[in-house]
Amino acid sequence: MKLRFLLTAPVFITTMAFAQATQPPLPDVPTLMKQVEEHQHKLDKVRENYTYHETVVTHELDKKGNIKKNESEENDVFFVNGHEIDRKVKKNGKELNADEQKKEQEHVEKEVERASKTPPGQSLHGDEVSVSRLLQIMKVSNPRREQMDNRSVIAFDFTGDPHAKTHGMAEDASKKLSGTIWVDESDCQVRRMVVRFDDNFHLGFGLFSVGKGSTFTFDQKLVNNELWLPTDAQVHIIAHAIGVIGWRGDIAVTDNDYQKFHADAQQQPGATVVSPTSH
């Protein structure tokens with residue numbers, strides 16, 4: 001056994017060294033994320049051909065982490081002018097009643113009108129930080145090449161720069177974050193993102209805060225070999241408000257039932273997430 005190892009070890013080491021040597025150099029992270037943004041904008045029109053179903057389950061937790069209350073909401077998601085629109089269809093497993101459906105329809109119509117007038121890339125509601133701007137606020141480290149779903153991804157870690165000059169609430173909050181981003185190397189799309197709050201972040205003149213230890217995980221995958229869409233997200237929130245006992249909760253978001261529309265706006269069932277073996 002020892003002789004066999006001594007004979008094969010040099011071959012194995014040489015093979016591994018050759019594989020590493022033949023890999024292209026790691027891309028510059030800011031340049032890579034700029035490409036991600038550009039690719040995202042190019043796919044805005046394709047995205048408007050898709051809809052999918054989203055389920056959001058919220059577990060309110062006590063101080064010991066035990067579940068004390070459950071809530072759920074189901075939405076049909078579609079896109080207008082590059083903006084996501086959510087239409088609520090169920091609350092806590094029950095269909096909306098007639099009054100609730102009417103209110104939801106009015107809400108969706110207002111959202112569609114607002115989205116039609118808002119350029120792609122701009123937020124429909126308040127503060128929003130672009131990926132390229134986010135990287136100006138962050139310190140990036142440890143870029144590396146990994147495999148995810150049998151696809152090559154570029155991963156890198158980030159942490160907020162406390163000395164970065166920021167404007168607005170969203171940019172201020174970004175300085176409190178750290179995490180890791182995985183980018184699909186072939187398609188220049190974010191495959192996974194994990195974010196943590198490393199410090200408390202105060203909102204509304206200090207009346208409300210998101211607590212240190214809150215986390216967010218986001219995943220998306222390739223659908224029908226043409227578009228990357230969300231598959232799931234996990235959120236753990238620790239929050240505090242003046243005069244109110246702190247709130248803790250776990251939120252699980254599941255996206256599925258992807259469907260594509262024909263040019264005549266008829267729905268085409270059967271859009272599926274591409275399995276890893278098909279890449």
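Procedures and definitions
- Residues numbered from 1 in each chain as written.
- Predicted model: local features only at pLDDT ≥ 70, side-chain atom pairs only at ≥ 80, totals over all residues.
- Heavy atoms only, no water.
- Helix = DSSP H or I, 4+ residues; strand = E, 2+ residues; numbered from the N terminus.
- Expected span 1.5 Å × (residues − 1).
- Polar contact = N/O pair within 3.5 Å; in protein donor to acceptor, adjacent residues only side chain to side chain.
- Buried < 20%, exposed > 50% of the residue type's maximum accessible area, 1.4 Å probe, protein only.
- Phe/Tyr/Trp six-rings, centres within 6.5 Å; stacked < 30°, edge-to-face > 60°.
- Lys NZ or Arg CZ within 6 Å of the ring centre and 35° of its normal.
- pLDDT = per-residue confidence, 0-100.
- Contact = heavy atoms within 4.5 Å.
- Salt bridge = Lys/Arg side-chain N within 4 Å of Asp/Glu carboxyl O.
- Pairing = 2+ DSSP bridges.

A few words now on helix 4 (residues 98-117). Given 3.6 residues per helical turn, the α-helix brings residues three or four places apart onto the same face. For helix 4, with 20 residues, the first-to-last C-alpha span of 29 Å sits near the 28 Å given by 1.5 Å per residue. The distance from a side-chain oxygen at the start of helix 4 to the backbone nitrogen of D99 is 3.1 Å, and the residue carrying that oxygen is N97.

A positive phi angle, close to 55 degrees, is found at N225, a residue other than glycine. Mapped onto the elements, N225 comes out in the loop between strand 11 (215-223) and strand 12 (227-241). In the Ramachandran plot, D257 falls in the positive-phi region, its phi being about 55 degrees despite a non-glycine side chain. As for its position among the elements, D257 is in strand 13 (residues 244-261). With relative accessibility at 47%, the residue D257 sits in the partly exposed group.

Moving on to the environment of I85. Structurally, I85 can be placed in strand 3 (residues 83-91). Overall, I85 belongs to the buried group, its relative accessible area being 1%. Separated by ten residues in sequence, I85 and N75 have C-alpha atoms that sit 9.4 Å apart.

Once that is clear, we can look at the packing of aromatic side chains. All chains considered together, the criterion is met by two aromatic pairs. Consider the rings of Y52 and F79, whose centres lie 6.3 Å apart with planes at 45 degrees: the pair is tilted. Residue Y52 is found in strand 1 (residues 50-61), and its partner F79 is found in strand 2 (residues 67-80); the two are separated by 27 residues along the sequence. F79 matches Y52 in its accessibility class, with the two residues each being buried. Pairing Y52 with Y258 gives two aromatic rings, centres 5.7 Å apart and planes at 45 degrees, and the pair type is tilted. Taken together, the residues span a long stretch of sequence, with Y52 in strand 1 and Y258 in strand 13 at a distance of 206 residues. Of the two residues, Y52 and Y258, both sit in the buried class. In textbook terms, an aromatic cluster arises when at least three aromatic residues are bridged by ring pairs, as seen for Y52, F79 and Y258. Above the ring of F79, the side-chain terminus of R47 is found at 5.7 Å from the ring centroid.

Moving on: the confidence of the model for the protein chain. Of all residues in the protein chain, 79% have pLDDT values of 70 or greater, and the mean over the chain is 82. Here strand 14 (residues 267-268) stands out as the least confident element of the protein chain, with mean pLDDT 40; strand 4 (residues 94-95) is the most confident, with 97. In this model residues 263-272 is a low-confidence stretch, pLDDT under 50, and it forms 21 contacts with partners more than four residues away in sequence or in other chains. For the stretch residues 274-279, pLDDT sits under 50, and the model shows ten contacts to residues farther than four places along the chain or on other chains.

Okay, the side chain of E111 next. Secondary-structure assignment places E111 in helix 4. Judged by its relative accessible area of 10%, E111 is buried. Side-chain polar atoms of E111 contact the side chain of R114, separated by 2.5 Å. Once residues lying within four places of it in the same chain are set aside, the contact partners of E111 are I85, L124 and H125.

Moving on, we get to the pattern of salt bridges. In a structure, side chains of opposite charge can pair up when their charged atoms sit close to one another. What the rule picks out here adds up to 18 salt bridges. A salt bridge links E73 to K91; the shortest N-O distance between them is 3.9 Å. One end of the pair, E73, is in strand 2; the other, K91, is in strand 3, and 18 residues separate them in sequence. By relative accessible area, which is 33% here, K91 ends up partly exposed. We note a salt bridge from D219 to R191, for which the minimum N-O separation is 2.7 Å. Linking D219 in strand 11 with R191 in strand 8 (residues 189-197), this pair joins segments that are 28 residues apart in sequence. For the pair D219 and R191, one class covers both residues: buried. Sharing partners across several salt bridges, the network here consists of D149, R191, R192, D219 and K221.

Another point: the pairing of strand 5 (residues 138-148). Residues in a regular strand project their side chains so that they alternate between the two faces of the sheet. As paired strands, strand 5 and strand 6 (residues 151-160) are joined by nine bridges and run antiparallel to one another. Bridged to R145 within strand 6 is I154. Counting the residues in the hairpin turn of strand 5 and strand 6 gives two residues, including D149, whose phi is positive at 55 degrees.

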